[in-house]
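Remarks on the overall topology
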Amino acid sequence: MSRRRVVVTGIGLITPIGLDTATSWQSALDGVSGGNRLDSFDASNHRVQIGASLKGFDVSLYMDPREARRLDLFLQIGIAVVDQAVANAGIGEPPDPERIGVAMGSGIGGITTIEDTHSVLLDRGPKRVSPFFVPSSVINMIAGNASIKHGFQGPNIAIVTACTTGTHNIGYGARMIQYGEADVMVVGGSEWSTTPLTVAGFSSMRALSTRNDEPEKASRPWDLERDGFLLGDGAGALVIEEYEHAKQRDADIFCEVTGFGVSADAYHITSPPDSGQGAVSSMRNALKDAALAAEDVQYVNAHGTSTPQGDIAETVAIKEVFGTDTNVAVSSSKSMIGHLLGAAGAVEAGFCALSIRDQRIHPTINLDNPDPACDLDYVPHTARDIQLDHVLSNSFGFGGTNGSLIFSRV
């Protein structure tokens, strides 16, 4: 059986820099920072008091607020971006619902509900624990709720691979279409991570920036003064579709999903090897899957977390794949949106699709004093018009799990 082509026909985004796709993308092009002081809880006794928290989300635009109270925040925004992407794709009433599926994951899931319910258990006893606790907090309920809402009866899964979650859901969702298990998949990830326990946990690992007085400048990939990432809230969903199916219904096509690569570092639970070998393998596997050479790619949307070790390892890996004298442009969405954990790869994939549509790439902000060990073209400060035929998006997660996607102009 020949492999079927897969294209992107819908995008939904909710990020710290925009509550819809158009606003998020324009803010990214403008170099807007989503860094802010945490105010959803009292962070005064926390070492880290900043993040890229979501502001102003109105759940009533997507569902009855009474229904929303039964859903964790990550579910609310996850369902919302599915709604956005489905509307953007113009799917409407599905003529063959068994051929449309959902693959939406999360890195942590319903941590807000878990924290709140644990307090209820301790303060008021087990009989006061809500019967909605479990379905409000388990990760596959984005896909579950979205499929019920839209009547999609095809594959229904939630891949969970830490910060590679969004990328893996897109890649494996595409493979389901390529090999005939579905004609359309809604794919991506969602995360609402700016909670007391999550912030404290990542802070204890020394993974987060402590630039508490300048949250808008705290995420600074490849800068010599970087000191960790910003935890962020957000979600992203793509509608991906078999090419002939999309053409038959005259859908607008953003780009094609041409390559997907995965690998494992097999090195450490949180840190990459200095050689970046796992990232090298992931990128090379994606290039092989797309039948492309490294020089065919004009842009890399990097994992780019703003951590001292990770940024160097990714730089080393990109130079290993593309050559030490490469002219490939590289930028980090996380410099603006922070690290959305399980949603990061999905939002960044959305930005890649929009980059191809507009032939424009967003900048890396806060790159004021480049680290000499990080010496690629990171598109500092200002968006750039560029001819894009193929772009590559990287995601790397705890446990040494890696994923790379390639999107191409149709």
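Preceding this paragraph is the structure being described.
Below is a summary of the structure that appears in this document.

Cut-offs used in this document
Residues numbered from 1 in each chain as written. Predicted model: local features only at pLDDT ≥ 70, side-chain atom pairs only at ≥ 80, totals over all residues. Heavy atoms only, no water. Axes fitted to C-alpha atoms, helices over the stretch in contact; angles between N-to-C directions. Helix = DSSP H or I, 4+ residues; strand = E, 2+ residues; numbered from the N terminus. Contact = heavy atoms within 4.5 Å. Nonpolar A, V, L, I, M, F, W, Y, C, P; charged D, E, K, R; others polar. Polar contact = N/O pair within 3.5 Å; in protein donor to acceptor, adjacent residues only side chain to side chain. Salt bridge = Lys/Arg side-chain N within 4 Å of Asp/Glu carboxyl O. Buried < 20%, exposed > 50% of the residue type's maximum accessible area, 1.4 Å probe, protein only. Expected span 1.5 Å × (residues − 1).

**Examining the packing of helix α7 (residues 165-178) against helix α13 (residues 344-358)**
Across the interface, α7 lies against α13 with an axial gap of 5 Å and an inter-helix angle of 65°. Contacts between α7 and α13 involve Gly166, Thr167 and Ile170 from the first element and Gly345, Ala346 and Ala349 from the second. The residue makeup of the contact of α7 with α13, split by class, is three nonpolar, three polar and no charged.

**Regarding the environment of Thr167**
As for its position among the elements, Thr167 is in helix α7. Sequence separation between Thr167 and Gly189 is 22 residues; the distance between their C-alpha atoms is 8.4 Å. With residues near it in sequence (within four places) discarded, Thr167 still touches Phe260, Gly345, Ala346, Ser395, Gly403, Ser404 and Leu405. At a separation of 2.7 Å, a polar atom in the side chain of Thr167 contacts the side chain of Ser395.

**Regarding the environment of Asp358**
Examined against the element boundaries, Asp358 turns out to sit in helix α13. With 141 residues separating them along the chain, Asp358 and Lys217 place their C-alpha atoms 27 Å apart. Within polar-contact distance, the side chain of Asp358 engages the side chain of Trp25 at 2.7 Å.

**Let's talk about the pattern of salt bridges**
Overall, the coordinates contain 23 salt bridges when judged by the stated rule. The shortest N-O distance in the salt bridge between Asp183 and Arg99 comes to 3.1 Å. Pair noted here: Asp183 is in the loop between α7 and β6 (184-192) and Arg99 is in the loop between α3 (73-89) and β4 (100-105), with a separation of 84 residues, a long-range link. You can call Asp183 buried: its relative accessible area is 13%. For Arg99, a relative accessible area of 22% gives the class partly exposed. Between Lys217 and Glu214 there is a salt bridge whose closest N-O contact spans 3.8 Å. What makes Lys217 partly exposed here is its relative accessible area of 35%. Judged by relative accessible area, which is 28%, Glu214 ranks as partly exposed. Connected via shared salt-bridge partners are Arg211, Glu214, Lys217 and Glu225.

**Re helix α4 (residues 111-124)**
Between its first and last C-alpha atoms α4 spans 19 Å; for 14 residues at 1.5 Å apiece the expected length is 20 Å, and the two agree. Of the residues making up α4, those classed as buried are Ile111, Thr112, Thr113, Glu115 and Thr117. Elements that come into contact with the buried residues of α4 comprise α3, α5 (133-137), β6 and α8 (196-204).

**Here we look at the environment of Val48**
With respect to the helices and strands, Val48 occurs in the loop between β2 (36-37) and β3 (50-51). On a C-alpha basis, the gap between Val48 and Asp377 in space is 30 Å, while along the polypeptide they are 329 residues apart. Among residues more than four places away in sequence, those in contact with Val48 are Leu38, Val199, Ser203, Leu208, Ser209, Thr210 and Asn212.

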